[in-house]
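Residues per chain, in single letters:
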Amino acid sequence: GLALRCPSRAFAARAPTATQRPLGAFPLAATSSASAGGGSGGGGGVGASGSGGGGSSSSTFRPPVVHRSQSADAPILPSTAAASVQQYAQHDQLSSQVGELRSLVTKLKGEAPKEAYDWMMETVDKLEHDQRDRAALMKRSWSDTAFEEGEAGNEDTIESFEMELVSMLRNSREGLSDGQILGNAIDLAGAYKKNYKLEKSEAVLLRCTRHAEERSGAWMVKYLNHISQVRMKQSRDAEAMEMMYEIEALANFPLHEEGASTFYETLYRNMSSGLRRMGREDEAAVYFMKMVEASRYHKPRMDWMDLWDLGLLIANRAFQSQRWPEFYKAREVLAEALHQQKIVEPHELILRAKVLSNLGQCFLATGEHDEADVHYSEAYELFDSCVGKRSPLFGMQAWACGNLRQAAGRHAEAVPLFGEALYVEVVKDGLSVPEMTKLLDQILVSLHENGKRAGEAPHVEPIERSLSTLVEDPRWHALEETIELAVLSHKMALFHVAAMPDNQRSQGWAANYNERSIQILRYLPDHEAAPWLTQAEAIRSAVLAGSSSSSPGAGDRTGAHAMLGGAAPPGSRPRSSAATAAAAGGW
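**Here we look at the overall build of the protein**
Then step 1. Along the protein, the regular secondary structure elements total 25 helices and zero strands.
Then step 2. Sorting the 587 residues of the protein into buried and exposed places 54% on the buried side.
Then step 3. Here the analysis covers contacts within the protein between residues at least 6 apart in sequence; of these, 73% occur between residues at least 24 apart.
Then step 4. For the protein, the accessible surface area stands at approximately 25100 Å², while carbon and sulfur atoms represent 53% of it.

This is the structure we're talking about:
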């Protein structure tokens, strides 16, 4: 093993700041690190090659050249993550050998001197204990599960893991001090993480912190590996990178040791992905090259996942510097990664969906909407069938599809897709005011543009379902009362007035959102709140007017169109003074 000091406990005490990036906006954020099964459990670290955060190398970085013809010259390699099943066979072989040794020693009872026999039995007992501990340390079967059975099927799988761990705890006097239970608990946290049950994953890992620290070494590496990936999924990228830098700095065995190069590959892949998410492209390139160097110890050339990471890295750098020939080359690399993935890992549908989404994003960035739609639509269907409509993976893809429809001017089609993304934001772990605000902005823009073009009425049921669910959620009422929350509440009420003025069901929750917005704004400084308060009070008048009008919603339509900056429909009543005031402010 490893000789690692215990890391700072400061990681556990920081409040989450969930901010996600829709897939329709660069930089491309690869999720390969999170989907590769959680990294290597008992692996290694960095020898003389690594320290800190790398350096800027924009002028010297040269990505490996990738030729499509290489797939014809040699078999296409599966990813390193897919090869992790070999570990279990090795563990079974070691267990069998220790069992054979115990049988041999048992046969010596009564024949060998008692002291010698007792010593041999103690040695075998210790070997078995060490073997169980090693197996627990390396265990990752739960977090390596594909979870592609749909929402209900995935929930059943998670529940079966939970019940298995509960059974272990009931039969143990040591709890998490027992290596087998600790290993399974961390593995369960990895399964939670893979299903975006981030609060559960974090809770389990924080309970494991002290026990992992006491064991130190590879156990601490395994723990930090999982908690850093949870932080990445929570968009707490700086904390995740701090943890990965700690792993890199404290691990101290060479690449040629058994299993070390696989661990380094995973660590450097995760670090490159995290730096890319933070927009630190030059440092991401440094760690990508470290990943390639480490992988040469156990595979002859890059596999499809390496090509995926390479394509994302080049695409981000080329897009930011507007070097379009390089960008198109990056798109070809991503297409090759998708081609190879379909051949060597045809059943890994979630990974395929992620590559499809990244490839579609590259076509969207160049305005090639039809090609983007092909890849986005396939990714949408795969996420829907594999993880269900409540998963953040599905939500991000629905958001990406909405971005595409909006960019193509297909606003009526964009609205329900944004609604599906909003529903995921509402039901997932951790409510994010900035993300919901972005979605409401895009929804209102599409409603306005669709109204200007006299297009068909968009399907708004996903948005209605989202907002009616959120208003009943205790987490919503516990959010800090900031101007950002007040503005979001105002826009939620405005959606009802703009899109559903005749819907009596939605009028109740719209009034609730409107009232909360007004209450917050009245207690904020005038220079911040005054413009929004004027608009929120105008919305309240419009909502109340709609409920008392003899022709429900007639007056609301005019006010709503004024709020959105559009003209009132023909034959509608003149705007009220409240609607006029709102029109002057604009939503």
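**Points about helix H16 (residues 392-407)**
Then step 1. Taking 1.5 Å per residue, 16 residues should reach 22 Å; H16 reaches 22 Å between its end C-alpha atoms and fits that length.
Then step 2. Burial within H16 is extensive, with 15 of its 16 residues counted as buried.
Then step 3. Two to three positions downstream of the cap, the backbone nitrogen of Leu 393 sits 3.1 Å from a side-chain oxygen, assigning the N-cap of H16 to Ser 391.
Then step 4. Once H16 finishes, Gly 409 follows within two positions and takes phi at roughly 80°, a positive value.

**Here's the deal with the pattern of salt bridges**
Then step 1. One pass over the full model with this rule turns up 40 salt bridges.
Then step 2. In this structure, the salt-bridge partner of Glu 248 is Lys 290, at a minimum N-O distance of 3.3 Å. Note that Glu 248 is positioned in helix H9 (residues 237-250) and Lys 290 in helix H11 (residues 281-295), a separation of 42 residues in sequence. Pair check on accessibility: Glu 248 and Lys 290 agree, each one buried.
Then step 3. Among the salt bridges present, the one from Glu 537 reaches Arg 522, with a minimum N-O distance of 3.6 Å. With Glu 537 in helix H23 (residues 526-548) and Arg 522 in helix H22 (residues 504-522), this residue pair connects regions lying 15 residues apart in the sequence.
Then step 4. You can call Glu 537 partly exposed: its relative accessible area is 30%.

**Section: the packing of helix H17 (residues 411-427) against helix H18 (residues 433-452)**
Then step 1. In the contact formed by H17 and H18, the axes pass within 9 Å of each other and the chain directions differ by 160°. Taken together, the axes of H17 and H18 lie roughly antiparallel to each other. Considering the relative orientation of H17 and H18, their crossing is left-handed. Across from His 411, Ala 412, Ala 414, Val 415, Phe 418, Gly 419, Ala 421, Leu 422, Glu 425 and Val 426 in H17, the residues of H18 making contact are Glu 435, Met 436, Leu 439, Leu 440, Gln 442, Ile 443, Ser 446, Leu 447, Glu 449 and Asn 450.
Then step 2. Partitioning the contact of H17 with H18 into residue classes produces twelve nonpolar, five polar and three charged.

**Points about a nonpolar patch on the surface**
Then step 1. Nonpolar side chains collect at one region of the surface, where Leu 101, Leu 104 and Leu 127 lie side by side and expose about 250 Å² of accessible area between them.
Then step 2. Along the chain, the position of Leu 104 falls in helix H3 (residues 86-107).

**Some points on unusual backbone geometry**
Then step 1. Of note, Ser 235 is a non-glycine position whose phi angle comes to about 60°, a positive value.
Then step 2. As for its placement among the helices and strands, Ser 235 is situated in the loop between helix H8 (217-233) and H9.
Then step 3. The backbone of Gln 322 shows a phi angle near 60°, a positive value even though the residue is not glycine.
Then step 4. Among the structural elements, Gln 322 can be located in the loop between helix H12 (304-321) and helix H13 (324-344).
Then step 5. The exposure class assigned to Gln 322 is partly exposed, which follows from its relative accessible area of 45%.

**Looking at the environment of Glu 413**
Then step 1. Within the secondary structure, Glu 413 sits in helix H17.
Then step 2. Between the C-alpha atoms of Glu 413 and Gly 402, which are eleven residues apart in sequence, the distance is 7.5 Å.
Then step 3. Within the structure, Glu 413 has its side chain in polar contact with the side chain of Arg 405 (distance 3.3 Å).
Then step 4. At 2.8 Å, the side chain of Glu 413 and the side chain of Arg 410 are in polar contact.

**Description of the packing of aromatic side chains**
Then step 1. Within this structure, the stated rule accounts for 13 aromatic pairs.
Then step 2. With a centroid separation of 6.1 Å and 55° between ring planes, the pair formed by Phe 263 and Tyr 264 is classed as tilted.
Then step 3. With centroids separated by 5.4 Å and ring planes inclined at 75°, the aromatic side chains of Trp 324 and Phe 327 adopt a geometry described as edge-to-face. Of this pair, Trp 324 and Phe 327 are both found in helix H13, three residues apart, which corresponds to roughly one turn of the helix.
Then step 4. Given the relative accessible area of 28%, Trp 324 is considered partly exposed.

**Some thoughts on H22**
Then step 1. Counted at 1.5 Å a residue, the expected span for H22 with its 19 residues is 27 Å, and the 27 Å between its end C-alpha atoms agrees.
Then step 2. Of the residues making up H22, those classed as buried are Ser 506, Gln 507, Trp 509, Ala 510, Tyr 513, Asn 514, Arg 516, Ser 517, Ile 518, Ile 520 and Leu 521.

**Topic: the packing of H12 against H13**
Then step 1. Here H12 crosses H13 at 160°, and the two axes come no closer than 8 Å. Judged by the inter-axis angle, H12 sits roughly antiparallel to H13. For the element pair H12 and H13, the recorded crossing hand is left-handed. The residues of H13 that touch H12, namely those facing Trp 304, Leu 307, Trp 308, Leu 310, Gly 311, Leu 312, Ile 314, Ala 315, Ala 318 and Phe 319, are Trp 324, Glu 326, Phe 327, Ala 330, Val 333, Leu 334, Glu 336, Ala 337, Gln 340, Gln 341 and Val 344.

Cut-off values and rules
Residues numbered from 1 in each chain as written. Predicted model: local features only at pLDDT ≥ 70, side-chain atom pairs only at ≥ 80, totals over all residues. Heavy atoms only, no water. Helix = DSSP H or I, 4+ residues; strand = E, 2+ residues; numbered from the N terminus. Buried < 20%, exposed > 50% of the residue type's maximum accessible area, 1.4 Å probe, protein only. Contact = heavy atoms within 4.5 Å. Areas by Shrake-Rupley, 256 points an atom, 1.4 Å probe, with all protein chains shown as cover. Expected span 1.5 Å × (residues − 1). Polar contact = N/O pair within 3.5 Å; in protein donor to acceptor, adjacent residues only side chain to side chain. Salt bridge = Lys/Arg side-chain N within 4 Å of Asp/Glu carboxyl O. Axes fitted to C-alpha atoms, helices over the stretch in contact; angles between N-to-C directions. Parallel < 35°, antiparallel > 145°, perpendicular 65-115°, else oblique. Left-handed = near helix turned anticlockwise from the far one by under 90°. Nonpolar A, V, L, I, M, F, W, Y, C, P; charged D, E, K, R; others polar. Patch = residues over 30% accessible without salt bridge, like charges linked within 9 Å, V, L, I, M, F, W, Y side chains within 5 Å. Phe/Tyr/Trp six-rings, centres within 6.5 Å; stacked < 30°, edge-to-face > 60°.

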